[in-house]
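A closer look at the structure
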Amino acid sequence: MSEISTTPPDSSTQSGTGALAVLRAPQTARVLVAALLGRLPQGSAPLALLIFARETMTLAAAGLLVAAYTAGMAVGQPLLARIADRWRQPPVMWGGVAISTVGFALAAAQFGLPVTLLAAALAGLGAPPFEAGLRVLWRDLLPEHQVHTAYTLDTATQEIIFVAGPVVTLAATQVAGPTGGLAAAALFQALGTALFATAPVVRRWRGEPAVRHWAGPLRASRLRLILVALLLVGSGVGSVAVAATSYAEAAGARSLAGWLLAAQAGGALIGGLLYIRFSGLRSRNTLPRALGVYALGFLPLVLTPALPGMLALMVVSGLALSPLLTVAFVSIDEVAPAGTVAEGFAWAATAFSVGSAIGSAVNGVLLDTTGHVFVGFLLAPVAVALACVPFLFSPARRGSS
């Protein structure tokens, strides 16, 4: 194999009815909607933490708070998914959401920066592994020829999280003040958990029996290569969230950051829907190509034009994200060792979260140091472009497996 790529789906999934066929399958719409509700904090909590922190903290401290939350998720997702792989999903989901809710409540109590950092990390640590839990269900719910379409649909619709999340945060903070966004994140996460964990397919699902290894799916070299790429992609995405907040503050209204991030997520949703519609894009796509296109999409943000132009550029910057993630997830499904698929997907979320934490923290310091908004938008294209580098030197690139 010369490059990590996806296999073209069956012709029945290439038509415009492919996504509808998936959604009409029993329980598919329920678990997809439940996972979207439960994952809403991924789109709302970082902005909620930024808005909450900026009442009394510097931008660098606010970035650290977001980093603590995403780092908590980075640890919790593979840990919870490994337990689910070896047991069942519902107890893992319920236990995780209880821990996360305590974290959000403790953060809102405002006991000072050290405690708030610990609380944010706890909120991320307990976040139920919806991504991993959902993606291992597709093969139980759908025939083989529809699985690829399900991954694409999942990847595209998850961008609703990053459109609705900031809007929910802004609405909640308008109604209940700076802590309202944290309360909303905890509430939606609990609602999603209740709907997902009680679904029959989730209650029936059991992990695949397999020989266990301490490294789990990480023993697969191709999976490690994908994770490095996702870590760098995450760092770019995390850096843009902080840069958008800095841009909004310079424009005179911090709340504009939510609309900028929603515009970028809207672009990713559009890109995902186009990816479903035009099957030829899928047949020619590879992870290195998707990374290169995604990096190029970030470059115009450095121009930092007036708000209307910036909103348009944020849409453009998101277009390639959903196709990129689709290629990555399908590849993970192919290369993860037996009995470790859920954990493999969780490690993907972890890599992305760790990268986002790094990008948020580094960009917060960078912006506080330089004071120039455009500098904050430089980190994303550089990081994503660097994600292509490992593929140039990988054994897969040279033709070995």
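Please read these numbers as outputs of a predicted model, since none were measured by experiment.

This part covers the packing of aromatic side chains. On inspection of all chains with the given rule, the structure shows 5 aromatic pairs. Summarising the aromatic geometry, the rings of phenylalanine 130 and phenylalanine 196 are spaced 5.6 Å apart at their centres and angled 85° between planes, so their arrangement reads as edge-to-face. Taken together, the residues span a long stretch of sequence, with phenylalanine 130 in helix α8 (residues 130-135) and phenylalanine 196 in helix α12 (residues 180-197) at a distance of 66 residues. Given a relative accessible area of 1%, phenylalanine 130 falls into the buried group. Three or more aromatic residues link up through ring pairs in this structure, and these residues are Tyr151, Phe329 and Phe345. The ring centre of tryptophan 87 lies 5.6 Å from the NZ or CZ of arginine 88, which sits over that ring. Taking NZ or CZ as reference, arginine 135 lies 3.8 Å from the ring centre of phenylalanine 329, over its face.

Right, let's talk about the UniProt feature "transmembrane region" (unreviewed entry) in the protein chain for a bit. As annotated by UniProt and renumbered to match this structure, "transmembrane region" (unreviewed entry) occupies residues 59-80, 182-202, 223-244, 256-278, 290-307, 344-367 and 373-393. Annotated as residues 256-278, this span is 96% helix and 0% strand, and its ends, taken at the C-alpha atoms, are 33 Å apart.

Attention now moves to the pattern of salt bridges. Following the criterion strictly, the structure yields 5 salt bridges and no others. The salt bridge partner of arginine 39 is aspartate 154, with a shortest N-O separation of 3.3 Å. Separated by 115 residues along the polypeptide, arginine 39 in the loop between α3 (28-38) and α4 (40-53) and aspartate 154 in helix α10 (residues 144-157) bring together distant segments of the chain. The class of aspartate 154 is buried, set by a relative accessible area of 0%.

The next thing to look at is empty space enclosed by the protein. The tally for this structure, following the rule as stated, stands at 5 cavities of 30 Å³ or more. One number sums up the size of the largest cavity: a volume of about 620 Å³. Taken together, 32 residues form the lining of the largest cavity, with Gln42, Phe162, Val237, Phe352 and Ser356 sitting closest to its centre. Residue assignment for the lining of the largest cavity shows that the elements contributing at least two residues are α4, α5 (59-86), α11 (159-176), α14 (221-250), α15 (256-277), α19 (321-335) and α20 (341-370). A per-element tally of the lining of the largest cavity places α20 first, with 6 residues. Grouping the amino acids of the lining of the largest cavity by side-chain chemistry returns 20 nonpolar, 10 polar and 2 charged. In this structure, the second largest cavity occupies an estimated 60 Å³ of space. If you trace the second largest cavity, you find it lined by Gly38, Arg39, Pro41, Gln42, Tyr69, Met73, Ala127, Pro128, Phe130 and Gln189. Only α4 and α5 provide two or more residues apiece to the lining of the second largest cavity.

The rules behind each value
Residues numbered from 1 in each chain as written. Predicted model: local features only at pLDDT ≥ 70, side-chain atom pairs only at ≥ 80, totals over all residues. Heavy atoms only, no water. Phe/Tyr/Trp six-rings, centres within 6.5 Å; stacked < 30°, edge-to-face > 60°. Helix = DSSP H or I, 4+ residues; strand = E, 2+ residues; numbered from the N terminus. Buried < 20%, exposed > 50% of the residue type's maximum accessible area, 1.4 Å probe, protein only. Lys NZ or Arg CZ within 6 Å of the ring centre and 35° of its normal. UniProt positions renumbered as here; feature names shortened; annotations may be inferred. Salt bridge = Lys/Arg side-chain N within 4 Å of Asp/Glu carboxyl O. 1 Å grid on protein atoms, 1.4 Å probe; cavity = no way out; pocket = protein on both sides within 12 Å on 5 of 7 lines; lining within 4 Å. Points joined across faces, edges and corners; volume = space filled by probe spheres on them. Nonpolar A, V, L, I, M, F, W, Y, C, P; charged D, E, K, R; others polar.

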